[in-house]
Amino acid sequence: MSQNIAILCSGGDVSGMNPALKHFVEASFKQGLTPYFIYDGYEGLIDNNIEKATYADVAGIITKGGTTIGSARSDRFLEKKYRKIAKKNLDKHKIEMLIVLGGDGSFRGLDIFYKEHGVKFCGIPSTIDNDIHGTEYSLGVDTALNMIRTAIDAIRDTAASFKRAFVIETMGRDCGYLALVSHITSGSELCLIPEVPYNLELYVDEFKKQLMHGRRYFLTIIAEGIKQDAQEIADWFEKEIGIETRTIVLGHIQRGGNPSSHDRLMAYKFIHYAIDALMSGKEESIVCYDKTGFNLKSIDYVTGHKKELDPELLQCLS
Ligand code: F6P
């Protein structure tokens, strides 16, 4: 008899979830499994918002950002009584294996669920923050970086025309990855991230000198997790450097948009590794991508440590 496998998206949506859903349905059928969608993350699991998935559900979704099955942050799933209901709902549909696209918060809930109810799962790191320990890449981060790059390239045009500084805030929660990589790939003058202490006074003489020698604009990228906000940095530019300054908080545009080729390809690979892991009897793992390629890592390892930024990338701030 065919085994049932389900997938859900949890936490902040990312571009790359839809390609993953498409590959999930296709790969499940290929393996003789019956695929199910759980809508709206753990909330849907608690509310029995669970349906068999068909090819028709995933036709054409590979080009779409976000997730067609919805995502959510579920406070109820943190409570034992709701996890019990969630397990009953999985049993109603005879679902034995679960794939979760989410961040480490989503994985922590999943770990408790496994320990209480023994539901076999495989997690696929999916967050634009790219802040999950054990994996260098999380689904969606490439599209987010491309969105940021497009925005900064456009801001550069107007900054240069008007002789202005811009302070651009990226997402990332407590992690500076998006800001740091965008700083390198967009060639901004200053980058401030939570992982690296900074002292703005150290830039005053140099920036003023550059302005005197004809520099027309400054681009600064800050991560949302630093202690100061974009307006405070802008005020510093106006007061100390003497250049008119504007701020822009990129916000949720970083989470949307047509998934990049890289995210589509990684979605395909992640799904195949996840299904293979479950089919070969692995019960509680996260598919990670690191310097050695794809590896299955234990959930305790992944959720038990804070991710450190790559020292090679950090060198650009020293
Ligand atoms: O974790 C993804 C993320 O986009 C963070 O970068 C950001 O801090 C947060 O989610 C925003 O959450 P919400 O969509 O609930 O405002």
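Above this text you will find the structure in question.
Residues numbered from 1 in each chain as written. Predicted model: local features only at pLDDT ≥ 70, side-chain atom pairs only at ≥ 80, totals over all residues. Heavy atoms only, no water.

## A closer look at the overall build of the chain
Quick note on the threshold: By the criteria applied, helices consist of DSSP H or I runs no shorter than four residues and strands consist of E runs no shorter than two, each listed in order from the N terminus. C-alpha atoms define the radius of gyration in this analysis, and the globule rule sets the expected value at 2.2 Å times the number of residues to the power 0.38. Buried, partly exposed and exposed residues are distinguished by accessible area as a fraction of the type maximum, computed with a 1.4 Å probe on protein chains only: under 20%, between the cut-offs, and over 50%, respectively. Only heavy atoms matter for contacts: two residues are in contact if any of them lie within 4.5 Å across the pair. Computed with the Shrake-Rupley method and a 1.4 Å probe, the accessible areas treat only the protein chains shown as cover for residues. Residues scored as charged are limited to Lys and Arg (positive) and Asp and Glu (negative), so that His and the chain ends carry no count. Here the site of a charge means atom NZ of a Lys, CZ of an Arg, CG of an Asp or CD of a Glu.
Counting its regular elements, the chain contains 12 helices and 11 strands. Radius of gyration (C-alpha) of the chain: 22 Å, near the 20 Å computed for a compact globule of 318 residues. Seen through its C-alpha atoms, the chain measures out along the principal axes to roughly 75 × 35 × 35 Å. Here the chain, with 318 residues, has 53% of them falling under the buried criterion. Taking all contacts inside the chain whose residues are at least 6 apart in sequence as the whole, residues at least 24 apart take part in 75%. For the chain, the accessible area works out to roughly 14,300 Å², and carbon and sulfur atoms hold 50% of it. Positive and negative charge centroids in the chain, built from 37 and 43 side chains respectively, lie 4 Å apart.

## Remarks on the environment of I233
Note that I233 resides in helix α9 (residues 230–241). Here the alpha-carbon distance between I233 and T247, two residues 14 residues apart in the chain, equals 8.8 Å. Setting aside residues up to four positions removed in sequence, I233 forms contacts with V167, L192, Y198, L200, T220, I222 and Q228.

## Focus on the site of the ligand
The condition is simple: Put simply, a residue is near a molecule or strand once any heavy atom of it comes within 4 Å of that molecule or strand. Between N or O atoms, a polar contact is any pair within 3.5 Å; within protein, one atom must be a potential hydrogen donor and the other a potential acceptor, and residues adjacent in sequence are included only when both atoms are from side chains.
As a matter of local geometry, the ligand sits amid R73, I128, D129, M171, G172, R173, E224, H252 and R255. R73 places a polar side-chain atom, nitrogen or oxygen, 2.6 Å from an oxygen atom of the ligand. E224 has a polar side-chain atom sitting 2.5 Å from an oxygen atom of the ligand. In isolation the ligand offers 400 Å² of accessible surface; the protein chains occlude 74% of this area.

## Quick notes on a positive patch on the surface
Going by this rule: By definition, no residue in a patch forms a salt bridge, and every one has over 30% relative accessible area; like charges are joined within 9 Å, nonpolar side chains (Val, Leu, Ile, Met, Phe, Trp, Tyr) within 5 Å. By definition here, a salt bridge exists when the distance from a side-chain nitrogen of Lys or Arg to a carboxyl oxygen of Asp or Glu is within 4 Å.
Together, K80, K84, K88 and K92 make up a positively charged patch on the protein surface. Inspection of the secondary structure assignment puts K84 in helix α4 (residues 80–92).

## Considerations on the pairing of strand β4 (residues 95–102)
Our working definition: In this scheme, strands are said to pair when DSSP sees at least two bridges between them.
Burial within β4 is extensive, with seven of its eight residues counted as buried. Pairing analysis gives six bridges linking strand β1 (residues 4–9) to β4, with the strands arranged parallel. Bridge assignment links N4 to a residue of β4, and that residue is I95. Where β4 meets strand β5 (residues 120–125), six bridges bridge the pair, whose relative direction is parallel. Bridging from a neighbouring strand, L98 pairs with F121 of β5.

## Overview of the nonpolar core
Applied cut-off: By nonpolar core is meant a set of buried Ala, Val, Leu, Ile, Met, Phe, Trp, Tyr and Cys residues that side-chain atoms within 4.5 Å join together.
If you look at the biggest cluster of nonpolar residues, it comprises 59 residues, and the most contacted ones within it are I7, F24, F37 and I99. Those residues in contact with F24, other than ones at most four positions away along the chain, are I5, A6, I7, P35, Y36, F37, I99, I271 and I275. By size, the runner-up hydrophobic cluster in this structure holds 25 residues, among which are I50, L98, L110 and I286.

## Regarding unusual backbone geometry
With phi around 55°, N48 is a residue other than glycine that occupies positive phi space. By the secondary structure assignment, N48 is in the loop between α2 (41–46) and β3 (50–52). In this structure, R173 takes a positive phi of about 55° despite not being glycine. Along the chain, the position of R173 falls in the loop between β6 (165–170) and α7 (177–186).

## Structural notes on the packing of aromatic side chains
Within a pair of aromatic rings, the relevant descriptors are the distance that separates the centres and the angle that separates the planes. Put simply, the rule reads: Pairing of aromatic rings covers Phe, Tyr and the six-membered ring of Trp, with a centre-to-centre limit of 6.5 Å; geometry is then stacked below 30 degrees between planes, edge-to-face above 60, and tilted otherwise.
Taken as a whole and assessed by the stated rule, the structure comprises 15 aromatic pairs. With a centroid separation of 3.9 Å and an interplanar angle of 5°, the aromatic rings of Y42 and F77 are classed as stacked. Highlighted residues: Y42 in helix α2 and F77 in the loop between α3 (55–58) and α4, separated in sequence by 35 residues. Of the two residues, Y42 and F77, neither departs from the other in class, the shared state being buried. Ring geometry for F77 and F113: centres 5.2 Å apart, planes at 65°, overall edge-to-face.

## Some words on the pattern of salt bridges
Applying the stated criterion across every chain, the model contains 17 salt bridges. For R76, the salt bridge is made with E43, and the minimal N-O distance between the two is 3.2 Å. Linking R76 in the loop between α3 and α4 with E43 in helix α2, this pair joins segments that are 33 residues apart in sequence. Among the residues examined, R76 registers a relative accessible area of 23% and is labelled partly exposed. For E43, a relative accessible area of 22% gives the class partly exposed. The partner of D300 in a salt bridge is K115, and the shortest N-O contact between them spans 3.4 Å. Of the two residues, D300 sits in helix α11 (residues 299–303) while K115 sits in helix α5 (residues 104–117), which places them 185 residues apart along the sequence. You can call K115 exposed: its relative accessible area is 53%. If you follow the salt bridges from partner to partner, you end up with E43, D47 and R76 in one network.

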